[in-house]
Amino acid sequence: MDTTTNRPGEATFTTGRVTSADGTTIGFRRIGHGPAVILLHGGLQSGQNLARLAAALSGSFDVIVPDRRRRGTSRAAEPADGEHTAREVEDLRALVDATGAHAVFGLSAGGLVALRAATEIPELTRLALYEPALSVGGSVPTDWLPAYDRQVAAGRLASAMRTAMVGLRVAPGFFRLPSFLVSPLLRIVMRFQRPAPGEASTEDVVRAMRHDMALVTELADTTADYAALSADVLLLGGAKSPGYFAASLAALADALPHAHRVTLSGMTHNDADNDGDPARVADLLEPFFQGAPAVQPRY
């Protein structure tokens, strides 16, 4: 465990690191006391995006929030084709070994990692998955990827960020404006951004999106792989999220032997992170991670 870190007015976290099987350092933030819980962020994010959710859970749990590989404090080379999932599972294995965690929350791509890891890490007995990006019959949009790749290769990261958000249908209103309006403003923000020590830059998370989409590709149509999963799984989704997330949740609810699904009225894909309503998500996670039985089917 290393230094404490926080911005004025925010909760105080300690920081630490583990070494994954391939030698990659995985950095994390930590807050609270109690049984260990790991929170895995989604694409276009880093651990800092789940700080408010972590703080909301810290009264009951020892909350560990890593930067998933290729961003922030978890620098790594691009995995070989077909090995993105394996490397992420190894990263989570290192965190579980170091913290003794039996419970994981995963958002979007982080939910995919948690789900897959639970088939290989028997210590994981409780999973809470907020709209895992499991592609079922091509349900997760990927037609935007060629444009994103061209933009990243040309150094047009602001345009690439907008392309990803619009392509995945998770863009807030501002990002849905025409590119000629959005991209110049984003470029200015990115040019003058000064992340606090240990925080990922916007450039980090935009470039890492290719890794997250590789996870989506590698784990597409794997629903049947989870039919024998022994872990208890809480499946969460927002009623206002894109329909393909509901399709993923429905497929998993049918396949998983110990799953409970909750649809949160009025919420979107982005509402579990700092810019949404993480306290509402924490209200569901706390009793579930404490071993509560099945929750009501709607919230």
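Look above for the structure.
The structure displayed is predicted, hence computed values, not measured ones.

**Some details on the packing of helix H5 (residues 157-167) against helix H6 (residues 179-192)**
Here is step 1 of the chain: Relative orientation of the contacting elements H5 and H6 amounts to 125 degrees, with a least axis distance of 8 Å. Viewed along their axes, H5 and H6 adopt a mutual orientation that is oblique. Crossing of H5 over H6 shows right-handed handedness. Packed against H5, whose contacting residues are Leu-157, Ala-158, Ser-159 and Arg-162, the element H6 presents Ser-179, Val-182, Ser-183, Leu-186, Arg-187 and Met-190 at the interface.
Here is step 2 of the chain: Here the residues of the contact of H5 with H6 are counted per class, giving 5 nonpolar, 3 polar and 2 charged.

**Describing a nonpolar patch on the surface**
Here is step 1 of the chain: Residues Leu-177, Phe-180 and Leu-181 make up a contiguous nonpolar surface patch of about 310 Å² in total accessible area.
Here is step 2 of the chain: Its location among the elements puts Leu-181 in helix H6.

**Here's the deal with a positive patch on the surface**
Here is step 1 of the chain: Residues Arg-150, Arg-156, Arg-187 and Arg-191 make up a contiguous surface patch of positive charge.
Here is step 2 of the chain: The residue Arg-191 is located in helix H6 in this model.

**Considering the packing of H5 against helix H7 (residues 202-218)**
Here is step 1 of the chain: Where H5 contacts H7, the two axes come as close as 10 Å, and the packing angle between them is 55 degrees. Between H5 and H7, the angle falls in the class oblique. In the packing of H5 onto H7, the handedness of the crossing is left-handed. Side by side, H5 and H7 meet where Leu-157, Ala-160, Met-161 and Ala-164 of the first sit next to Thr-202, Glu-203, Val-206, Arg-207 and Met-209 of the second.
Here is step 2 of the chain: For the contact of H5 with H7, the residue count by class is 6 nonpolar, 1 polar and 2 charged.

**Here's the deal with the pairing of strand S5 (residues 62-66)**
Here is step 1 of the chain: The buried fraction of S5 amounts to 5 of the 5 residues, a majority that puts the element mostly inside the structure.
Here is step 2 of the chain: Bridge count between strand S3 (residues 25-31) and S5: 4 bridges; the pairing is antiparallel. Within S5, the residue paired with Arg-29 across the bridge is Val-65.
Here is step 3 of the chain: A crossover links strand S4 (residues 36-40) with its parallel partner S5, the connecting element being helix H1 (residues 51-57), and its sense is right-handed.

**Structural notes on the nonpolar core**
Among soluble globular proteins, nonpolar side chains are generally buried collectively.
Here is step 1 of the chain: Among the nonpolar cores identified, the biggest contains 62 residues, and Ile-38, Leu-92, Leu-124, Leu-127 and Tyr-148 are the most heavily contacted of them.
Here is step 2 of the chain: In terms of residue count, the dominant contributor to this core is helix H3 (residues 109-118) (7 residues).
Here is step 3 of the chain: Sequence-distant contacts of Leu-92, that is, excluding residues within four places in its chain, are made with Ile-38, Leu-40, Val-104, Ala-114, Ala-117, Ile-121 and Leu-124.

**Examining unusual backbone geometry**
Here is step 1 of the chain: Its identity as a non-glycine residue notwithstanding, Leu-44 has a phi of 55 degrees, on the positive side.
Here is step 2 of the chain: Tracing the sequence through the fold places Leu-44 in the loop between S4 and H1.
Here is step 3 of the chain: Relative accessible area serves as the criterion here: at 17%, Leu-44 is assigned to the buried category.
Here is step 4 of the chain: Phi is positive for Glu-131, which is not a glycine, with a value near 45 degrees.

**Observations regarding the environment of Leu-285**
Here is step 1 of the chain: The residue Leu-285 is located in helix H9 (residues 278-289) in this model.
Here is step 2 of the chain: Distance in space between the C-alpha atoms of Leu-285 and Val-182 is 35 Å, their sequence separation being 103 residues.
Here is step 3 of the chain: With residues up to four places along the chain from it excluded, the contact list for Leu-285 reads Leu-53, Leu-57, Phe-105, Ala-128, Leu-234 and Leu-236.

**As for the pairing of strand S7 (residues 126-130)**
Here is step 1 of the chain: Counting buried positions along S7 gives 5 out of 5 residues, so the element sits mostly inside the fold.
Here is step 2 of the chain: Residue alternation in S7 divides its side chains into two sets, Arg-126, Ala-128 and Tyr-130 and Leu-127 and Leu-129, and both sets are buried.
Here is step 3 of the chain: Two strands pair when backbone bridges link them, and strand S6 (residues 103-107) and S7 are joined in this way by 5 bridges, in the parallel orientation. Bridging across to S7, Ala-103 finds its partner in Arg-126.
Here is step 4 of the chain: The β-α-β motif built from S6, the intervening H3 and the parallel element S7 has right-handed crossover chirality.

**Some thoughts on H9**
Here is step 1 of the chain: Its 12 residues give H9 an end-to-end C-alpha distance of 16 Å, which sits within 8% of 16 Å, the value for a rise of 1.5 Å per residue.
Here is step 2 of the chain: Turning to H9, its buried residues number three or more, namely Pro-278, Arg-280, Val-281, Ala-282, Leu-284, Leu-285, Phe-288 and Phe-289.
Here is step 3 of the chain: Of the surrounding elements, those touching the buried residues of H9 are S4, H1, S6, S7, strand S8 (232-238) and strand S9 (259-264).
Here is step 4 of the chain: Looking at the residues trailing H9, positive phi occurs at Gly-291, about 100 degrees.

Rules behind the numbers
- Residues numbered from 1 in each chain as written.
- Predicted model: local features only at pLDDT ≥ 70, side-chain atom pairs only at ≥ 80, totals over all residues.
- Heavy atoms only, no water.
- Axes fitted to C-alpha atoms, helices over the stretch in contact; angles between N-to-C directions.
- Helix = DSSP H or I, 4+ residues; strand = E, 2+ residues; numbered from the N terminus.
- Parallel < 35°, antiparallel > 145°, perpendicular 65-115°, else oblique.
- Left-handed = near helix turned anticlockwise from the far one by under 90°.
- Contact = heavy atoms within 4.5 Å.
- Nonpolar A, V, L, I, M, F, W, Y, C, P; charged D, E, K, R; others polar.
- Patch = residues over 30% accessible without salt bridge, like charges linked within 9 Å, V, L, I, M, F, W, Y side chains within 5 Å.
- Areas by Shrake-Rupley, 256 points an atom, 1.4 Å probe, with all protein chains shown as cover.
- Salt bridge = Lys/Arg side-chain N within 4 Å of Asp/Glu carboxyl O.
- Lys, Arg positive; Asp, Glu negative; His and termini not counted.
- Charge placed at Lys NZ, Arg CZ, Asp CG, Glu CD.
- Buried < 20%, exposed > 50% of the residue type's maximum accessible area, 1.4 Å probe, protein only.
- Pairing = 2+ DSSP bridges.
- Right-handed = clockwise from strand over helix to strand, strands pointing away.
- Core = buried A, V, L, I, M, F, W, Y, C linked by side-chain atoms within 4.5 Å.
- Expected span 1.5 Å × (residues − 1).

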